[in-house]
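Coordinate analysis (summary)
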Amino acid sequence: MAELTWVDLGEDEELSTEDKHDLVSSDEPDAVLDPAKEGNTSLATNSIGNEAGKVCDAAPYNSTLDLSHPFYDIARHRILEVAGEDNYGRRVIVYSCCHMPPIHELNHHRLLQYMKYTLDQFIESDYSLVYFHHGLTSLNRPSTSWLRGAYKDFDRRYRKNLKALYVVHPSGFIKTVWKVFSSFISRKFSKKIVYVACLDELREHLKDIWLDIPVEVQRLKEKSNGENIPLVLKQTVSYLKLKGLKTEGLFRRSATTQVVQEVKQKFNLGKPVNFEEYKGIHVAAVILKVFLRELPQPLLTFNLHPCILALSCVESSLRVTKIKEILNALSGLNYIVLKYLMCFLNMVAQQSMQNRMTAQNLAVVLGPNITWSQEKVQSLHTFVPVNIFTELCIDFYDNIFTNRTEAGEILP
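Residues numbered from 1 in each chain as written. Predicted model: local features only at pLDDT ≥ 70, side-chain atom pairs only at ≥ 80, totals over all residues. Heavy atoms only, no water.

**Thoughts on the overall build of the protein**
- When you go through the protein residue by residue, the secondary structure sums to 19 helices and five strands.
- With 412 residues in all, the protein has 55% of them scored as buried.
- In the protein, of all internal contacts separated by at least 6 residues, the share reaching a separation of at least 24 is 82%. (Helix = DSSP H or I, 4+ residues; strand = E, 2+ residues; numbered from the N terminus. Buried < 20%, exposed > 50% of the residue type's maximum accessible area, 1.4 Å probe, protein only. Contact = heavy atoms within 4.5 Å.)

The structure is reproduced here in structure tokens:
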């Protein structure tokens, strides 16, 4: 996220020799399909819409396919499609695994050539890739040697202007492949990979773009056992809940840049982080703040920022009610993460006699990390309403958050 890919969902297990062999030979369990809508996501269309749920007018770049196309035999499967441009004017290219036919029906050498043929049209400018992983099974999965060769074929020309690779619905297979390839994938490239748990989260990254989502992906019933909480947030909160609730000045202390960068890199590479190695408590607190601050869009989204700033104009007795109204406009995934965070901060505030961190003090140090303007310019007049909002969310957590429950939410 924000050139910082901290959204990996869950911890990886060590890779055994047998696991490496199974990359090619074992069947990956089919995901559960459900004809109902995915969670609380509105999928009246099969496209990423704008905030009101409306689909943008732009048609997909390659909506028609001529029989004379030099790669018609590959392109007709619609494995790779060009979706249009995002908010920054970057071309977005979509790869859908569910459209891949069985191995014996697809010439993978031709597929690689077609991918390069398509990308060659756009690599001189910034572009992004969306990879829909759902639908990849042992029947259509390329060999690891092909994947390794493909990565090498896509040399610096292709990687230089790639700004983000969104991996949607990542599985254990993806994480295992990452472990196998991590020895020769550059760190710079690895920072461009963003794991995306659900379509709601993808919408946050790619608003106002026409994006054709495969029907199979729309129908995917996204199971959640805490996977909606980013690993870095879950791990820091779990550690601080266990070790740091009574630590004086929690969230007020700093950590060295070197330590912060080292821990960030471990999370980005999916490596385990033992905060005890870094004398723990304050480092974990700093990492939590840095994670929130370096998101490409604040947890409370740019669109809700003006509503939060207007809170200082609301009569004091009506502010909690107003906050509930504001949060009703927050998407399910963002709400789940915010509720998880505020539940933990409420626990911290309850120990303020020992840690000296009241709801007001926590609001001062954490409020600016959960909401900011699109210009990222924080003026003094914005701190007051932001602090009011955050303090009330912590102090009145039960009143504000207990009336709304999202599917898949967990609490610390």
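That was the structure; now back to the text.
**Notes on the sheet that holds strand 1 (residues 80-85)**
- Strand order in this open sheet of five strands is 1-2-3-4-5, and the pairing throughout is mixed. Of all the strands in the sheet, just strand 1 and strand 5 (193-196) have a single pairing partner and so form its edges. Direction aside, the axes of adjacent strands within the sheet are offset by 20° on average.
- Taken together, the six bridges between strand 3 (residues 127-132) and strand 4 (residues 162-168) define a ladder with parallel strand orientation. Paired with Tyr127 across the bridge in strand 4 is Leu162.
- Across the sheet, helix 3 (residues 108-119) is in contact with strand 1, strand 2 (91-96) and strand 3; its angle to strand 1 comes to roughly 15°. (Pairing = 2+ DSSP bridges. Axes fitted to C-alpha atoms, helices over the stretch in contact; angles between N-to-C directions.)

**Looking at the packing of helix 11 (residues 257-268) against helix 12 (residues 281-293)**
- As a packed pair, helix 11 and helix 12 sit with axes 10 Å apart at the nearest point and diverge in direction by 65°. It follows that helix 11 is roughly perpendicular to helix 12 by the angle criterion. Judged by the sense of rotation from one axis to the other, the crossing of helix 11 with helix 12 is right-handed. Side by side, helix 11 and helix 12 meet where Val259, Val260, Val263, Lys264 and Phe267 of the first sit next to Val283, Val286, Ile287 and Val290 of the second.
- Of the residues contributing to the contact of helix 11 with helix 12, the split by class is eight nonpolar, no polar and one charged. (Parallel < 35°, antiparallel > 145°, perpendicular 65-115°, else oblique. Left-handed = near helix turned anticlockwise from the far one by under 90°. Nonpolar A, V, L, I, M, F, W, Y, C, P; charged D, E, K, R; others polar.)

**Re the packing of aromatic side chains**
- Counted according to the given criterion, the structure contains eight aromatic pairs.
- For the pair Phe71 and Tyr117, a centre-to-centre distance of 5.2 Å together with 50° between the ring planes defines the contact as tilted. Here the residue Phe71 occupies a position in the loop between helix 1 (17-25) and helix 2 (72-75), and Tyr117 occupies one in helix 3, the gap between them amounting to 46 residues.
- Residue Phe71 is classed as buried on the basis of its relative accessible area of 10%.
- Here Tyr239 and Phe275 contribute two aromatic rings whose centre-to-centre distance is 5.3 Å and whose plane-to-plane angle is 45°, an arrangement assigned as tilted. Placement of the pair is Tyr239 in helix 10 (residues 231-243) and Phe275 in the loop between helix 11 and helix 12, with a sequence separation of 36 residues. (Phe/Tyr/Trp six-rings, centres within 6.5 Å; stacked < 30°, edge-to-face > 60°.)

**Quick notes on the nonpolar core**
- Counting 65 residues, the largest nonpolar core has Phe251 and Leu327 as its most contacted members.
- Among the elements that take part in this core, helix 15 (residues 332-350) stands out by supplying 12 residues, more than any other.
- If you look at the next biggest cluster of nonpolar residues, it comprises 33 residues, including Met100, Phe122, Tyr131 and Leu162. (Core = buried A, V, L, I, M, F, W, Y, C linked by side-chain atoms within 4.5 Å.)

**Some details on the side chain of Glu81**
- Looking at the secondary structure, you find Glu81 in strand 1.
- One polar contact links Glu81 to Arg78, side chain to side chain, over a distance of 3.0 Å. (Polar contact = N/O pair within 3.5 Å; in protein donor to acceptor, adjacent residues only side chain to side chain.)

**Thoughts on the pattern of salt bridges**
- If you walk through the whole model with that rule in mind, you get 11 salt bridges.
- Glu276 is the salt-bridge partner of Lys243, the closest N and O atoms lying 3.8 Å from each other. One end of the pair, Lys243, is in helix 10; the other, Glu276, is in the loop between helix 11 and helix 12, and 33 residues separate them in sequence.
- The class of Lys243 is partly exposed, set by a relative accessible area of 45%. (Salt bridge = Lys/Arg side-chain N within 4 Å of Asp/Glu carboxyl O.)

**Observations regarding the confidence of the model for the protein**
- Per-residue confidence for the protein gives a mean pLDDT of 78, with 76% of residues at or over 70.
- Contacts of residues 1-63 to residues separated by more than four positions or lying in other chains number 143 contacts, the stretch itself having pLDDT below 50.
- Note on residues 221-225: pLDDT under 50 across the span, and nine contacts to partners over four residues away in sequence or across chains. (pLDDT = per-residue confidence, 0-100.)

**Observations concerning the packing of helix 3 against helix 4 (residues 144-153)**
- In contact at an axis separation of 11 Å, helix 3 and helix 4 are set at 25° when each is read in the N-to-C sense. Considered as vectors, helix 3 and helix 4 are oriented roughly parallel to each other. In this structure, the crossing between helix 3 and helix 4 has a hand that is right-handed. In this structure, helix 3 uses His108, His109, Leu111, Leu112, Met115 and Lys116 to contact helix 4, whose residues at the interface are Trp146, Ala150 and Asp153.
- Of the residues assigned to the contact of helix 3 with helix 4, the class counts are five nonpolar, two polar and two charged.

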